[in-house]
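Topology and contacts: notes
Spelled out, the chains give:
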Amino acid sequence: MTGDDQAAPLSPPPDWVSAFTALPRSAFLPDLMWPHDMETKRNVAVSKSEDPGAWYAYAGSNSPIVTQWDDGAHEGVAPGKVFTSSSSMPSLVASMLADLDVRSGHRVLEVGSGTGWNAALLAHRVGAENVVTVELDAAVAESARAALARVGLPVRVVHGDGLLGYPRGAPYDRTVATCGLRAVPFAWVEQAAPGGVILVPWGTYFSFTEATARLVVAEDGRSASGPFTQPVNFMRVRSQRLLWPEHSAYVPAEGTDVAEKSSTSITEADFLASDTADIVSFAIGLRLRDCTHVADRKRDGVRPVWFYGLTDRSWAVVVFRDGRSEARVHQSGPRRLWAEVETAYRWWEKHGKPEFTRFGLTVAATGQRAWLDDPADSWPVG
Ligand SMILES: C[S@@+](CC[C@H](N)C(=O)[O-])C[C@H]1O[C@@H](n2cnc3c(N)ncnc32)[C@H](O)[C@@H]1O
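Being a predicted model, the structure only gives us computed values, none of them experimental. (Residues numbered from 1 in each chain as written. Predicted model: local features only at pLDDT ≥ 70, side-chain atom pairs only at ≥ 80, totals over all residues. Heavy atoms only, no water.)

Side note on unusual backbone geometry
- With an omega dihedral of 5 degrees, the bond running from Ala170 to Pro171 counts as a cis peptide bond.
- Structurally, Pro171 can be placed in the loop between β8 (156-159) and β9 (172-177).
- One non-glycine residue, Asp71, adopts positive backbone phi at about 55 degrees.
- For Asp71, the location among the structural elements is in the loop between β4 (65-69) and β5 (83-87). (Helix = DSSP H or I, 4+ residues; strand = E, 2+ residues; numbered from the N terminus.)

Right, dumping it as structure tokens:
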């Protein structure tokens, strides 16, 4: 195992130390697992029976660990195509628990049981009888239930769609999703106690960038609202995964010359963040509906970035070239997607390039609204 981050000791918030000490992550992980090696940026297969030293080292590290591929259809040791259940980075688990602000006696709903570790930490804090965790995948739910029983914390593990919540256990003082959402179900607001907190990794279809929204439920129970607290990266709930647009269904075989041409002074450095905490695409996604994008690999100093409409066949491409101050743009279809992206980018720039925590989200029966600094000044999103 390599990488400082993986070796870094975990220091949970003071009120969580005893839970993390009593419940090592290793008690919740399967024999065969696929930790993410931070240095090589790949998932490696590690088996407890074959290499217990490496297995325990990864279990005790700060790496995310994949525990299921391809919704359970995967077999064998080699990694599958899409990771569909995992144990998140322990430092992220700890910081989300801190954001959740759990107090003794709280009733907590978790969506996405996964290994059961986070539910166990919650149960250690508030009592197993006060925690409900919902998991969509039957086999994952069963192994979480077994792990929780083994450590003597018989949390209610519900096999079902967490988007529906679990009305029988309501009202909840705290709701935490450990999978990414594009739309927060109003059912979670309805099942929350007034003043309750809903912590949810949230993003748009524009990019993979997400941030945790910390929503506080209004006293009248008709909405929940709050700022984003930190950028995160979660697997999405199954029903809100993006079906990736087929390039050939948008761009004709003759190529991009058939499309309307223009240029832009937005540069590659302006637009493409170099790390995963990509505030640019997060902010643009908040302003733009029904559009996604992908950056091609750079070849010979040229990098095309493609944009696809999700409700029609509009498309656009911006081609960044090293050494040029203007990038070429092609746009086609009912929408002018790059023009929309540029408007959103200029809006973000005009507002001083705000970071994640200046944005927020409000969820009501009528839908979701995003805001910058002031919840009263919001716009529909998602
Ligand atoms: C990152 S894992 C959860 C990690 C977990 N909290 C732990 O402590 O190990 C995300 C989980 O969400 C589950 N999931 C996806 N969509 C779901 C849904 N609609 N309802 C409930 N669970 C869902 C996945 O099957 C996966 O197990």
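Some points on the site of the ligand
- Neighbouring residues of the ligand: 24 residues in total, closest Ser85, Thr115, Glu135, Asp161 and Gly162.
- Side-chain polar atom of Thr178 to a nitrogen atom of the ligand: 3.0 Å apart, as the coordinates give it.
- Here the ligand has 610 Å² of accessible area as a free molecule, and 98% of this is covered by the chains.
- The set of elements that each furnish at least two residues to the shell around the ligand consists of β5, β6 (108-111), α5 (117-126) and β7 (131-135).
- For the shell around the ligand, the element with the highest residue contribution is β5, accounting for three residues. (Near = heavy atom within 4 Å. Polar contact = N/O pair within 3.5 Å; in protein donor to acceptor, adjacent residues only side chain to side chain. Areas by Shrake-Rupley, 256 points an atom, 1.4 Å probe, with all protein chains shown as cover.)

Here's the deal with helix α3 (residues 52-59)
- By the burial criterion, the buried members of α3 are Trp55, Tyr58 and Ala59. The buried residues of α3 occupy an angular sector of 100 degrees when projected down its axis, which confines them to one face. (Buried < 20%, exposed > 50% of the residue type's maximum accessible area, 1.4 Å probe, protein only. Arc of directions from axis to C-beta.)

A few points about the sheet that holds strand β17 (residues 327-332)
- Pairing within the open sheet is antiparallel, and its five strands lie in the order β13-β17-β16-β15-β14. Strands with a single pairing partner mark the edges of an open sheet, and in this sheet they are β13 (260-264) and β14 (291-295). The average undirected angle you get between the axes of adjacent strands in this sheet is 20 degrees.
- As defined by bridge partners, β14 adjoins strand β15 (residues 302-309) across five bridges and the pair is classed as antiparallel. (Pairing = 2+ DSSP bridges. Axes fitted to C-alpha atoms, helices over the stretch in contact; angles between N-to-C directions.)

With respect to the nonpolar core
- Counting residues in hydrophobic clusters, the biggest one holds 58 residues, and the most contacted among them are Phe271 and Phe307.
- The biggest single contributor to this core is helix α10 (residues 337-350), with seven residues.
- Both domains that furnish three or more residues to this core are identified here as domain 1 (4-178) and domain 2 (247-350).
- Those residues within four positions of Phe307 in sequence are excluded, and the remaining contacts are Phe206, Phe271, Cys291, Thr292, His293, Ser314, Trp315, Ala316, Val318, Leu337, Trp338 and Val341.
- Counting residues in each nonpolar core, the second largest holds 33 residues, with Val131, Leu153, Val157 and Val176 among its members. (Core = buried A, V, L, I, M, F, W, Y, C linked by side-chain atoms within 4.5 Å. Domains from an automatic or database assignment. Contact = heavy atoms within 4.5 Å.)

A few points about the domain arrangement of the protein chain
- What the domain assignment reports for the protein chain is domain 1 (4-178) and domain 2 (247-350).
- Here the C-alpha centre of domain 2 lies 37 Å away from the C-alpha centre of domain 1.

A closer look at the pairing of β4
- The buried fraction of β4 is high, at five of five residues.
- Bridging between strand β1 (residues 32-37) and β4 involves two bridges; their strand directions are antiparallel. Opposite Trp34, over in β4, you have Val66 as the bridge partner.

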